[in-house]
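Here is what each chain is made of, one letter per residue.
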Amino acid sequence: MDTEKYTNEFQQFREQLYQNFNKRADTAMELVDALCSYPSASSPVELSLSPVFRRSYTALFKAMAEVEWKSVPLAQLVATYLPQPEQRPFWLLGVDVTSQPRQFALTLSDRGYVYQPNQVAGNKPVTIGHQYSAVALLPEKETGVSSSWVVPLSTQRISTEEDKELVGADQVKALLEDQSLPFHGELIVEVGDTSYSKPAYLHANRDHDNLVTIARVRSNRTLYNQFVYEDGERPAHRPKRYGEAFKLPDDTTWREPDMEITFSETSRRGKTYTVKVQGWRNMLMPGKNKPERIPMDQHPFTLICITRYDEEGNQAFKKPLWLIVVGERRDELSLMDIYEAYSSRADLEHFFRFGKQKMLLTASQTPDTLREERWWQVVHIAYAMLWIARHLAQHLPRSWERHLPTTKRQEMTPTLVRRDFERLIQQLGTPARPPKPRGKSPGRPKGMKLPPRPRREIVVKGKKQAQAA
């Protein structure tokens, strides 16, 4: 391993990050370092107890109030360090949405009903708060590095007036049009869950010929074969586009697949499955006419069916997994490429879970929406810095963790890098300057009373749209 190379990259990234802070750069830099190196913090204010944060806790809140986080182009900061794909013939991006629960923040603006998983049976998976859309690079497997890493490229809060999937489409579009990124003009594959298989999202970025979209489809949908005229037949009217229906829950409507592969796969628990992947080319889905026309007959796609069988030959899951592959260059992907690309989408879920459980992603309780957005930006920046340091940190598992699979394989996980990050700061130093005490502030005048913050109503989308109409 080239330690000198990785050390130079780490210091270069930190210096670039420091130069991109417009205000309170020293405090902001130490805040990012504290977030990367102080796992015992249970709230943002406890980060001020970190040895690398040399300022008082009030400086932390001043930084969140004044630093212009949006001036930090995260995708451009990490662009130099993105690994060129060698195992795949394409770059792989993941897009997804996660929630920020704020049901008790009565003074926080633009709160709405958002999805939140609930483990209690019978309860609806709904809470009150904000939603954030994230786009990340899903890198290839590296030796000595856990496969759960992602590289965050963009994060954005979704207002109650916006469509969450179209916000993600705009983020992907901005990345595709950024000529400073290494994947500009190259084949890019994006993966998304079921909500990204709707016509509005699939139609959004089809003007980019180098983009291929892989999205999951609900198993109860009805799709259509592309209508093909017989040789010599010429229609006297508008050409017919849609052929016979292809009903996913009814296998009697399926035609013979155009391609098929079968292979064995072993799960983390040691179970062996037989995986069958089938593909049908030139399929269509119905378009939309409201609120605007979306001609989906112009975007044929490849339909993929993935079925797992156990060792006894029985279907392992009740329903197969259905995917659609849309894009001009979709035929360049093999069935195995599609299967492995969508399997990597789970790494985004690992990123959200690690951010929420370990890096205080949803722990900020500010009543200011802008400061909440800045906090999400700094957490993504901190995670990107952990990824840059993945080859420099030492493998330091706890004594009770020695039997874990990742420990036996000596793989660096985000948790292990964070555990050793303080040592890296002490050895390599920080561009942030030490604080200069300037005496005690006089504070507020005696008898001053601040007006109460106004209470905000919860935005209900259906009710809001009805009032607008």
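Just above, that's the structure.
Just so we're clear, the structure is a prediction, and the values are computed from it rather than from any experiment.

Draft legend 1. Summary view of the packing of helix α1 (residues 3-19) against helix α9 (residues 369-388). Relative orientation of the contacting elements α1 and α9 amounts to 160°, with a least axis distance of 9 Å. For the element pair α1 / α9, the angle class is roughly antiparallel. Where α1 crosses over α9, the handedness of that crossing is right-handed. Along its contact with α1, which presents Glu9, Phe10, Phe13, Arg14 and Leu17, the element α9 presents Ile381, Ala384, Met385 and Ile388. The residue inventory of the contact of α1 with α9, partitioned by class, reads 7 nonpolar, no polar and 2 charged.

Draft legend 2. Expanded view of the side chain of Thr362. Checked against the element boundaries, Thr362 lands in the loop between α8 (346-357) and α9. Setting aside residues no more than four positions away along its own chain, Thr362 makes contact with Ser99, Gln100, Pro101, Lys356 and Trp376.

Draft legend 3. A look at the packing of aromatic side chains. Tallying each qualifying case throughout the model produces 17 aromatic pairs. On the numbers, 6.0 Å between centres and 80° between planes, the contact of Phe13 with Tyr81 is edge-to-face. With Phe13 in helix α1 and Tyr81 in the loop between α4 (74-79) and β1 (91-101), this residue pair connects regions lying 68 residues apart in the sequence. Overall, Tyr81 belongs to the buried group, its relative accessible area being 8%. With centroids separated by 6.0 Å and ring planes inclined at 0°, the aromatic side chains of Phe246 and Trp254 adopt a geometry described as stacked. One aromatic cluster is present, formed by Trp149, Phe351, Phe352, Phe354 and Tyr383 through successive ring pairs. Here the basic side chain of Arg390 rests over the ring of Trp387, its NZ or CZ set 4.1 Å away from the ring centre.

Draft legend 4. Spotlight on unusual backbone geometry. Note the cis peptide between Lys290 and Pro291, where omega equals 0°. Secondary-structure assignment places Pro291 in the loop between β10 (272-284) and β11 (301-309). Phi is positive for Arg24, which is not a glycine, with a value near 50°. Secondary-structure assignment places Arg24 in the loop between α1 and α2 (25-37).

Draft legend 5. Broad picture of a nonpolar patch on the surface. A surface patch of nonpolar side chains, about 340 Å² in accessible area, is lined by Tyr113, Val126, Ile458 and Val460. The residue Ile458 is located in the loop between α12 (421-428) and α13 (461-468) in this model. Note on Ile458: relative accessible area 31%, which makes it partly exposed.

Draft legend 6. Main features of α8. Look at α8: 17 Å from first C-alpha to last across 12 residues, which is about the 16 Å you get at 1.5 Å a residue. Every buried residue of α8 is listed here: Asp347, Leu348, Phe351, Phe352, Phe354 and Gly355. Buried positions in α8, seen along its axis, are confined to an arc of 165° and lie on one side of it. The outward face of α8, more than 90 degrees from its buried face, is lined by the exposed residues Arg353 and Gln357. If you follow the buried residues of α8, they end up packed against β1, β3 (126-137), β4 (151-158), α9 and α11 (414-419).

Draft legend 7. Focus on the packing of helix α3 (residues 57-66) against α9. In contact at an axis separation of 8 Å, α3 and α9 are set at 100° when each is read in the N-to-C sense. In terms of axis orientation, α3 runs roughly perpendicular to α9. Counted together, Met64, Ala65 and Glu66 of α3 and Arg371, Arg374 and Trp375 of α9 form the full contact between these two elements. By residue class, the composition of the contact of α3 with α9 is 3 nonpolar, no polar and 3 charged.

Draft legend 8. Fine view of the environment of Asp26. Residue position: Asp26 is located in helix α2. Residues Asp26 and Tyr242 lie 216 residues apart in sequence; the distance between their C-alpha atoms is 61 Å. In this structure, Asp26 is in contact with Tyr18, Arg55, Pro431, Ala432 and Arg433, ignoring residues within four places of it in sequence.

Conventions we followed
Residues numbered from 1 in each chain as written. Predicted model: local features only at pLDDT ≥ 70, side-chain atom pairs only at ≥ 80, totals over all residues. Heavy atoms only, no water. Axes fitted to C-alpha atoms, helices over the stretch in contact; angles between N-to-C directions. Helix = DSSP H or I, 4+ residues; strand = E, 2+ residues; numbered from the N terminus. Parallel < 35°, antiparallel > 145°, perpendicular 65-115°, else oblique. Left-handed = near helix turned anticlockwise from the far one by under 90°. Contact = heavy atoms within 4.5 Å. Nonpolar A, V, L, I, M, F, W, Y, C, P; charged D, E, K, R; others polar. Phe/Tyr/Trp six-rings, centres within 6.5 Å; stacked < 30°, edge-to-face > 60°. Buried < 20%, exposed > 50% of the residue type's maximum accessible area, 1.4 Å probe, protein only. Lys NZ or Arg CZ within 6 Å of the ring centre and 35° of its normal. Patch = residues over 30% accessible without salt bridge, like charges linked within 9 Å, V, L, I, M, F, W, Y side chains within 5 Å. Areas by Shrake-Rupley, 256 points an atom, 1.4 Å probe, with all protein chains shown as cover. Salt bridge = Lys/Arg side-chain N within 4 Å of Asp/Glu carboxyl O. Expected span 1.5 Å × (residues − 1). Arc of directions from axis to C-beta.

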